[in-house]
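Here are the chains, one letter per residue:
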Amino acid sequence: MSYAEYAKHYLTMPDCILFLLLTILLLVVVYAIFYVFANKSFKGELKIQHEFFSLAERFYELIFSGGSIIGFMAAYYLINRFVTSGSFYEFWSNYKDYLLLVFMLISILLNTFLDHVLVRLKRLDKSEMASIRLTGMLYMIIIFCYIKFIYEDNNYDMFITYFLTLMIGRFVYFDASFKDFLECMKQAARNIPIMIIALALLGILCLRGYSTDYLLKHNGVITNIFFCHLYIVIAIFILHFVIELLFHSKVERSQLERQVGKKQKSGKADNRKTRNQIQVIQDLEDL
């Protein structure tokens with residue numbers, strides 16, 4: 001199959017719409033899990049909302065960081081596969097190792113675009129961001145272990161070396177002390193449940209894609225995993241703003257109800273005060 005035929009396959013209707021709807025449905029389930037946890041852990045609408053979005057944004061960052069890394073690996077794989085002749089092929093053959101480093105830098109810029117522009121993460125501080133990206137290292141290592149030992153594909157061994165180099169330089173601060181690193185590790189451990197949820201979501205999408213032949217096995221496992229991440233990013237972009245609006249309207253409604261309740265209590269107190277004054281006047285008249 002040519003590049004155009006691959007693109008046509010993945011954009012075929014209604015397969016791509018059904019795959020996107022499945023991704024949105026699974027993401028709604030993820031939101032429900034986060035909301036139930038936040039609702040059981042905290043009281044008060046604002047605290048519940050903050051915890052929910054904190055969990056959601058950590059999930060987003062895990063997907064963004066993982067998808068960015070897998071994206072440049074998929075691009076490298078596809079160029080190796082489809083570019084087989086011509087002047088660009090000669091250039092690619094001579095400098096592809098150096099260009100892989102350029103792809104890594106592009107992946108960092110893509111990650112920054114996703115979490116600062118596409119869906120701005122407003123509730124994570126620097127330490128939380130560092131911890132979730134450290135969890136992202138484990139997320140990627142598990143994916144690589146699946147590719148190498150379960151899928152039994154050795155074509156990505158070179159990527160693993162580049163990946164580890166990138167992750168060490170990207171997620172470990174050069175001026176951080178060992179104590180800071182240990183604290184970051186503790187915070188990263190708290191993100192393990194979020195990582196498990198992300199892996200489960202990815203696994204269900206891959207299973208569905210392979211069972212329906214929407215994801216082509218001969219197209220490269222790394223490419224298919226990237227497509228799944230791409231669909232998750234699109235679903236996040238669609239649902240994130242919907243969830244923001246729902247919580248905003250819910251908080252406004254809750255505040256309005258509290259204000260009405262206060263006015264009603266104040267009105268009842270005034271009525272009691274008025275009745276007491278009338279009773280006093282009546283008692284004086286009787287005297």
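Now for a look at the structure at hand. In every chain, residue numbers begin from 1 and rise along the written sequence. For a predicted model such as this one, the threshold for reporting local features is a pLDDT of at least 70, and the threshold for listing and counting side-chain atom pairs is 80 or more; totals across whole chains, interfaces and linings nevertheless cover every residue. Each side-chain value is worked out from all heavy atoms of the structure, with water and hydrogens disregarded.

## A closer look at the pattern of salt bridges
Point 1. Any carboxyl oxygen of Asp or Glu within 4 Å of a side-chain nitrogen of Lys or Arg constitutes a salt bridge here. Evaluation of the coordinates by the stated rule reveals two salt bridges.
Point 2. Of the charged contacts, one joins Glu 57 and Arg 123 as a salt bridge, the two residues approaching to 3.1 Å between their closest N and O atoms. Taken together, the residues span a long stretch of sequence, with Glu 57 in helix H3 (residues 45-82) and Arg 123 in the loop between helix H4 (87-118) and helix H5 (126-150) at a distance of 66 residues. Side by side, Glu 57 and Arg 123 carry an identical accessibility label, which is buried.
Point 3. In this structure, Glu 244 and Arg 123 form a salt bridge, with 3.5 Å as the shortest nitrogen-oxygen distance. One end of the pair, Glu 244, is in helix H9 (residues 221-286); the other, Arg 123, is in the loop between H4 and H5, with 121 residues separating them in the sequence.
Point 4. The structure contains a network of salt bridges with shared partners spanning Glu 57, Arg 123 and Glu 244. Going along the chain from the N terminus, every DSSP run of H or I of four or more residues is numbered as a helix, and every run of E of two or more is numbered as a strand. Under the scheme applied here, a residue whose accessible area is under 20% of the maximum for its type counts as buried, over 50% as exposed, and between as partly exposed, the area being computed with a 1.4 Å probe on protein chains only.

## A short note on the side chain of Glu 57
Point 1. A relative accessible area of 0% places Glu 57 in the buried class.
Point 2. By definition in these notes, contact holds between two residues if any of their heavy atoms fall within 4.5 Å. Here Glu 57 is in contact with Arg 120, Leu 121, Lys 122, Arg 123 and Leu 124, once residues within four sequence places are set aside.

## Observations concerning the nonpolar core
Point 1. Take the buried Ala, Val, Leu, Ile, Met, Phe, Trp, Tyr and Cys residues and link them wherever side-chain atoms come within 4.5 Å; each set so joined is a nonpolar core. With 70 residues, the main nonpolar core has Phe 34, Phe 59, Tyr 60, Tyr 139 and Ile 236 as its most contacted residues.
Point 2. At the level of elements, helix H1 (3-10), helix H2 (15-41), H3, H4, H5, helix H8 (192-211) and H9 are the ones that each hand at least two residues to this core.
Point 3. Per-element accounting of this core gives the leading share, 17 residues, to H3.
Point 4. Of all hydrophobic cores here, the second largest spans five residues; its members include Ala 130, Leu 134, Cys 184 and Ala 188.

## Quick notes on the packing of aromatic side chains
Point 1. We call Phe, Tyr and Trp rings a pair once their centres come within 6.5 Å, taking the six-membered ring for Trp, and we label the pair stacked below 30 degrees between planes, edge-to-face above 60, and tilted otherwise. Within this structure, the stated rule accounts for 15 aromatic pairs.
Point 2. A centroid spacing of 6.1 Å and a plane angle of 70 degrees characterise the contact between Phe 34 and Phe 59, whose relative ring orientation is edge-to-face. Of this pair, Phe 34 sits in helix H2 while Phe 59 is found in helix H3, placing the two residues 25 residues apart along the sequence.
Point 3. Here Phe 59 falls in the buried class, since its relative accessible area comes to 1%.
Point 4. Linked through ring pairs, Tyr 76, Phe 88, Phe 91, Trp 92, Tyr 95 and Phe 103 together constitute an aromatic cluster.
Point 5. Here Arg 123 stacks its cationic end above the ring of Phe 53, 4.1 Å away from the centre of that ring. Placement of a positive charge over a ring is assigned whenever Lys NZ or Arg CZ falls within 6 Å of the ring centre and within 35 degrees of the normal to the ring plane.

## Focus: a nonpolar patch on the surface
Point 1. A cluster of nonpolar side chains, namely Phe 88, Phe 91, Tyr 95, Tyr 98 and Leu 101, defines an oily patch on the protein surface of about 540 Å² accessible area.
Point 2. Within the fold, Tyr 98 resides in helix H4.
Point 3. Judged by relative accessible area, which is 58%, Tyr 98 ranks as exposed. Like charges are joined within 9 Å and nonpolar side chains (Val, Leu, Ile, Met, Phe, Trp, Tyr) within 5 Å, but only among residues with over 30% relative accessible area and no salt bridge; these make up the patches. Per-residue and other accessible areas were derived by the Shrake-Rupley procedure at a 1.4 Å probe size, with only the shown protein chains allowed to occlude residues.

## Here's the deal with unusual backbone geometry
Point 1. That bond from Met 13 to Pro 14 is cis: its omega, 0 degrees, falls within 30 degrees of zero.
Point 2. Within the secondary structure, Pro 14 is located in the loop between H1 and H2.
Point 3. Of note, the phi angle at Asp 213 is positive, near 65 degrees, even though the residue is not glycine.
Point 4. By the secondary structure assignment, Asp 213 is in the loop between H8 and H9.
Point 5. Looking at Asp 213, the relative accessible area reads 53%, which means it is exposed.

## Remarks on the environment of Leu 22
Point 1. For Leu 22, the position within the fold is in helix H2.
Point 2. Apart from the residues lying within four places of it in its own chain, the contact partners of Leu 22 are Leu 205 and Arg 208.

## Quick look at H8
Point 1. Take the number of residues in a helix, subtract one, and multiply by 1.5 Å to get its expected span. Compared with an ideal rise of 1.5 Å per residue, which puts 20 residues at 28 Å, H8 spans 28 Å between its outermost C-alpha atoms and is within 8% of the ideal.
Point 2. Along H8, the positions that sit buried rather than exposed are Ile 194, Met 195, Ile 197, Ala 198, Leu 201, Leu 202, Leu 205, Cys 206, Gly 209 and Tyr 210.

## Structural notes on the packing of H3 against H4
Point 1. Running from N to C, H3 and H4 point in directions that differ by 165 degrees, and their axes come no closer than 9 Å. Considering their axes alone, H3 and H4 lie roughly antiparallel with respect to each other. Our pair here, H3 against H4, has a crossing hand that is right-handed. Along the contact surface, H3 presents Glu 61, Phe 64, Ser 65, Ser 68, Ile 69, Phe 72, Ala 75, Tyr 76, Ile 79 and Asn 80, while H4 presents Phe 88, Trp 92, Lys 96, Asp 97, Leu 100, Phe 103, Met 104, Ser 107, Leu 110, Asn 111, Leu 114 and Asp 115. Fitting a line to C-alpha atoms yields each axis, with helices limited to the stretch in contact; the angle taken between N-to-C directions then spans 0 to 180 degrees. Angular relationships are summarised with four words: roughly parallel below 35 degrees, roughly antiparallel beyond 145, roughly perpendicular across 65 to 115, and oblique for the angles in between. A clockwise turn of the near helix away from the far one marks a right-handed crossing, whereas an anticlockwise turn of less than a right angle marks a left-handed crossing.

## A word on the packing of H2 against H3
Point 1. With their axes 9 Å apart at the nearest point, H2 and H3 run at an angle of 140 degrees to one another. By the angle class used here, H2 and H3 are oblique. As H2 packs across H3, the resulting crossing turns out to be right-handed. Together, Leu 27, Val 30, Tyr 31, Phe 34, Tyr 35, Phe 37, Ala 38 and Asn 39 of H2 and Ile 48, Glu 51, Phe 52, Leu 55, Ala 56, Phe 59 and Tyr 60 of H3 make up the contact between the two elements.
Point 2. Asp, Glu, Lys and Arg are counted as charged, while Ala, Val, Leu, Ile, Met, Phe, Trp, Tyr, Cys and Pro are counted as nonpolar; the rest, among them Gly, fall into the polar class. Of the residues that constitute the contact of H2 with H3, the class distribution is 13 nonpolar, one polar and one charged.

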